[in-house]
Amino acid sequence: MRTTTIRRAAVLGHPVAHSLSPVLHTAAYRALGLDGWEYGVHDVTEDTLPGFLRGLDEHWAGLSLTMPLKHAIIGLLDHVEPLAEAVGAVNTVLFSVAGGAGRGGVTTMGTNTDVHGIVAALREGLGTRRVTDAVILGGGATAASALAAVAELGCASPRVFVRSLDRIGPLREAVARMGVSPSFEVFDERATTSALATADAVVSTTPKYAADVWAPLLTGLSTGSGEKPRGVLLDVVYDPRPTVLQSAWAALGADAVGGERMLLHQAAEQVRLMTGRPAPLGAMDEALRAALG
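How each quantity is defined
- Residues numbered from 1 in each chain as written.
- Predicted model: local features only at pLDDT ≥ 70, side-chain atom pairs only at ≥ 80, totals over all residues.
- Heavy atoms only, no water.
- Pairing = 2+ DSSP bridges.
- Helix = DSSP H or I, 4+ residues; strand = E, 2+ residues; numbered from the N terminus.
- Axes fitted to C-alpha atoms, helices over the stretch in contact; angles between N-to-C directions.
- Contact = heavy atoms within 4.5 Å.
- Buried < 20%, exposed > 50% of the residue type's maximum accessible area, 1.4 Å probe, protein only.
- Right-handed = clockwise from strand over helix to strand, strands pointing away.
- Phe/Tyr/Trp six-rings, centres within 6.5 Å; stacked < 30°, edge-to-face > 60°.
- Core = buried A, V, L, I, M, F, W, Y, C linked by side-chain atoms within 4.5 Å.
- Expected span 1.5 Å × (residues − 1).
- Arc of directions from axis to C-beta.

## As for the sheet that holds strand β7 (residues 134-137)
Spatially, six strands are ordered β9-β8-β7-β10-β11-β12 in an open sheet, and the strand pairing comes out parallel. Among the strands making up the open sheet, the edge pair consists of β9 (183-186) and β12 (255-258). Geometrically, the sheet is characterised by an average inter-axis angle of 20 degrees between neighbouring strands, direction not taken into account. Two strands pair when backbone bridges link them, and strand β11 (residues 232-235) and β12 are joined in this way by four bridges, in the parallel orientation. Looking at β12, one finds that Asp 235 is bridged to Gly 258. On top of the sheet, helix α8 (residues 189-198) reaches β7, β8 (159-162) and β10 (201-204); it is set at about 140 degrees to β8, its chief contact. Here helix α10 (residues 244-251) sits on the sheet in contact with β7, β10, β11 and β12, set at roughly 155 degrees to β12.

As C-alpha cells, this is what we get:
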C-alpha cells in the first residue's frame, strides 16, 4: 500500500550542490512507496543554520548534514545521542512532534550514521573477519567516526597518522569521550607505508588527492620486500573514483572499498531512522551507481 503523507527531509551544507544524498533518499522513497515524501538541498552556513532550524515545522522528518555543520549544530539541538556526542559530529537530525515541547512542538534529535556507514563499507571487504590492527589516515572530523568504527570492529588502539600533532585537538577530545586509545603519529614515509601494509583495516579520511602520495610508496615497499597489503582499505573520498590510493591498493591484490559505499550505507541508515522502515538498499545502490556512471 502506498502512502501520501506529506513529509520533508533535506541535506544541508556549504557547499552542497554536489551532494548525492537526494539521489539516494529519493530512490528510497520511491521504492518504499512514500509518494508524499520530498528530499531537498539547502545551502546553509554556520551563521544561517540557527535561523533555518527555527523555520522547520511538524512536516519535517529529518536532515542530513555535511561540512561545516556537523559540529556546529550540536548546541542547537534538543537532544544528541551518545555516539554522536562522543564522536563530536552529528550528520543526521531527526524530528518528532511532542505537544508544545522544543521549537513550536517539534523536538530535534542529533545522531551519527557515518560510523555505521564506515563499518558497513569495511564489512564489504572484511566479511566476518575481526580487525586487530587498524590504521587511520587524517585527523579531521571523519577520523573520529573512523575511530569509533574500527573500535566496533575490534580495534580500540589503531594507529592514526596526521600531518601535524598541533592540529588535532578536537580529535583528542573525541578520543577521551569514546574511551579508545589510539596512537598519534606524524606522517613518515617508512612508518606509514609499513603500517598500511600490515593493518587489517585502513581508513583514509584525508581530503581529495591528499592520500595520493602513499600510492607509489606502498607499491615500492611491496616491490622491494615482497610485502603487500593484507587488509581492507576504505578511502572515504569518492570523487575521483577510484582514488589513486584505492587503485594502487587493488593493483597489489588487496581489497579496496570506495567512499561511495560509506555514502550508501550511512544514507540507508538515515532512511531507516527518518522513515521507520528498513532501507531499500538495492534500489539505493542502483540509483547511486547510475548517478556515478
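Next comes the rest of the write-up.
## Re the pairing of β7
Two faces, one strand: in a regular strand the side chains alternate between the faces of the sheet. Side chains Ala 134 and Ile 136 of β7 all project onto a buried face; the interleaved residues Val 135 and Leu 137 project onto the opposite face, where all are buried too. Here β7 runs beside β10; their pairing, made up of four bridges, is parallel. Note that in β10 the partner of Ala 134 across the bridge is Ala 201. Here β7 runs beside β8; their pairing, made up of three bridges, is parallel. Across the sheet, residue Ile 136 finds its bridge partner in β8, namely Val 160. Between β7 and its parallel partner β8, the chain crosses via helix α6 (residues 141-152), and the hand of that crossover is right-handed.

## Focus on the packing of aromatic side chains
The tally for this structure, following the rule as stated, stands at three aromatic pairs. Geometrically, the ring pair formed by Phe 52 and Trp 60 is edge-to-face, given 6.3 Å between the ring centres and 80 degrees between the ring planes. Pair check on accessibility: Phe 52 and Trp 60 agree, each one buried. Residues Phe 187 and Trp 214 carry aromatic rings whose centres are separated by 5.4 Å and whose planes lie at 45 degrees to one another, so their mutual orientation is tilted. Within this pair, whereas Phe 187 is found in the loop between β9 and α8, its partner Trp 214 is found in helix α9 (residues 214-225), the two being separated by 27 residues in sequence. On the accessibility criterion, Trp 214 (7% relative accessible area) is buried.

## A look at the environment of Ala 144
Within the secondary structure, Ala 144 is located in helix α6. For Ala 144 and Val 87, which are 57 residues apart along the polypeptide, the C-alpha to C-alpha distance reads 5.5 Å.

## Digging into the sheet that holds strand β1 (residues 7-13)
Judged by pairing direction, the sheet is mixed, and its six strands sit side by side in the order β2-β1-β3-β5-β6-β4 without closing on themselves. Each having just a single partner strand, β2 (37-43) and β4 (79-80) make up the two edges of the open sheet. Two elements, β4 and strand β6 (residues 106-111), share two bridges in a ladder whose sense is parallel. Looking at the pairing, His 79 lines up with Met 109 of β6.

## Overview of the nonpolar core
If you look at the biggest cluster of nonpolar residues, it comprises 35 residues, and the most contacted ones within it are Ile 118, Leu 122, Leu 171 and Val 203. Counting residues per element, the ones that place at least two in this core are α5 (114-126), β7, α6, β8, α7 (169-178), β10 and β11. At seven residues, the largest contribution of residues to this core is made by α6. When near neighbours in sequence (up to four residues on either side) are disregarded, Ile 118 contacts Thr 142, Ser 145, Ala 146, Ala 149, Val 203, Leu 234 and Met 262. In this structure, Val 16, Ala 61, Leu 94 and Leu 288 belong to the second largest nonpolar core, which totals 21 residues.

## What about helix α12 (residues 281-292)?
Over its twelve residues, α12 runs 16 Å from end to end, which matches the ideal 16 Å to within 8%, given 1.5 Å per residue. Taken together, the buried positions of α12 are occupied by Met 284, Asp 285, Ala 287 and Leu 288. For α12, the arc enclosing every buried residue in end-on projection is 165 degrees, short of the 170-degree limit, so these residues lie on one face. Structural note: α12 exposes Gly 282, Glu 286, Arg 289 and Ala 290 on the side pointing more than 90 degrees away from its buried face.

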